[in-house]
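Chains, contacts and geometry: an overview
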Amino acid sequence: MLAQAMIDKLNEQINMEFFSSNLYLQMSAWCEDQGFEGAAKFMRKHADEEMGHMRRLFTYVSETGGLPLIGAIAAPQAQYASLLALVEHTYEHEQLITRNINALAHAAFSNQDYSTFNFLQWYVAEQHEEEKLFKSIVDKIRLVGEDGKALFFIDKDLAQLANES
Ligand code: OFO
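Residues numbered from 1 in each chain as written. Predicted model: local features only at pLDDT ≥ 70, side-chain atom pairs only at ≥ 80, totals over all residues.

If you check an unreviewed UniProt entry, the protein chain appears there as Ferritin from Shewanella salipaludis. Comment text from UniProt for the protein chain, heading Catalytic activity (unreviewed entry), reads "4 Fe(2+) + O2 + 6 H2O = 4 iron(III) oxide-hydroxide + 12 H(+)". Per its UniProt entry, the protein chain bears the Sequence similarities (unreviewed entry) comment "Belongs to the ferritin family. Prokaryotic subfamily." (UniProt positions renumbered as here; feature names shortened; annotations may be inferred.)

Looking at the overall build of the protein chain
A tally of helices and strands in the protein chain yields five helices and zero strands. Across the protein chain, helices and strands are ordered from the amino to the carboxyl terminus as α-α-α-α-α. Taken along the three principal axes of its C-alpha coordinates, the protein chain extends 55 × 25 × 25 Å. Looking at the protein chain residue by residue over its 165 residues, the buried ones come to 29%. Restricting to contacts in the protein chain with at least 6 residues of sequence separation, those with at least 24 account for 76%. (Helix = DSSP H or I, 4+ residues; strand = E, 2+ residues; numbered from the N terminus. Buried ≥ 20, exposed ≤ 12 C-beta atoms within 10 Å, placed from the backbone. Contact = placed C-beta atoms within 7 Å.)

Focus on the packing of helix H1 (residues 4-33) against helix H3 (residues 83-110)
Remark: H1 packs on H3, axes separated minimally by 11 Å, with the N-to-C direction vectors making an angle of 170°. Considering the angle they form, H1 stands roughly antiparallel to H3. Between H1 and H3, the contacting residues are Met6, Lys9, Gln13, Met16, Ser20, Leu23, Met27 and Trp30 on the first element and Leu86, His93, Ile97, Asn100, Leu104, Ala107 and Ala108 on the second. For the contact of H1 with H3, the residue count by class is 10 nonpolar, four polar and one charged. (Axes fitted to C-alpha atoms, helices over the stretch in contact; angles between N-to-C directions. Parallel < 35°, antiparallel > 145°, perpendicular 65-115°, else oblique. Nonpolar A, V, L, I, M, F, W, Y, C, P; charged D, E, K, R; others polar.)

Below, the structure is given as structure tokens:
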């Protein structure tokens, strides 16, 4: 049985993962609208992954005797100045999620909740991957620039990434 304070924190993270999913789904609409089909596909796929993050937490809370609670989810940003601005936003968002996961792991450890600490290790590893992935896309766009031809190839690249993962 988890402490109520830990259940509350995990529920906040459930909310954050929902938000991440909505953010990326909303971003996919911007990409689609701008003609970046590969980027749209990539963001949509990533929105699904975030639902996986949410579900994993939801299951853990419920399996450990807590009540997962879905609260109100804030509306995500819908407009972006450019594809680079959008991807920079994803990278910043992932860094925020990493800070949240670290704070959760710290709370679990300092409260001797080793079950939750152990459960969170999957998220610690996942955040490393997520930051690496989004940073690599930011770097790539900065490298090739943002003219039409460069963005065409970036978009192709993102379509490929969506098919791989
Ligand atoms: Fe993108 O890692 Fe969950 O939120």
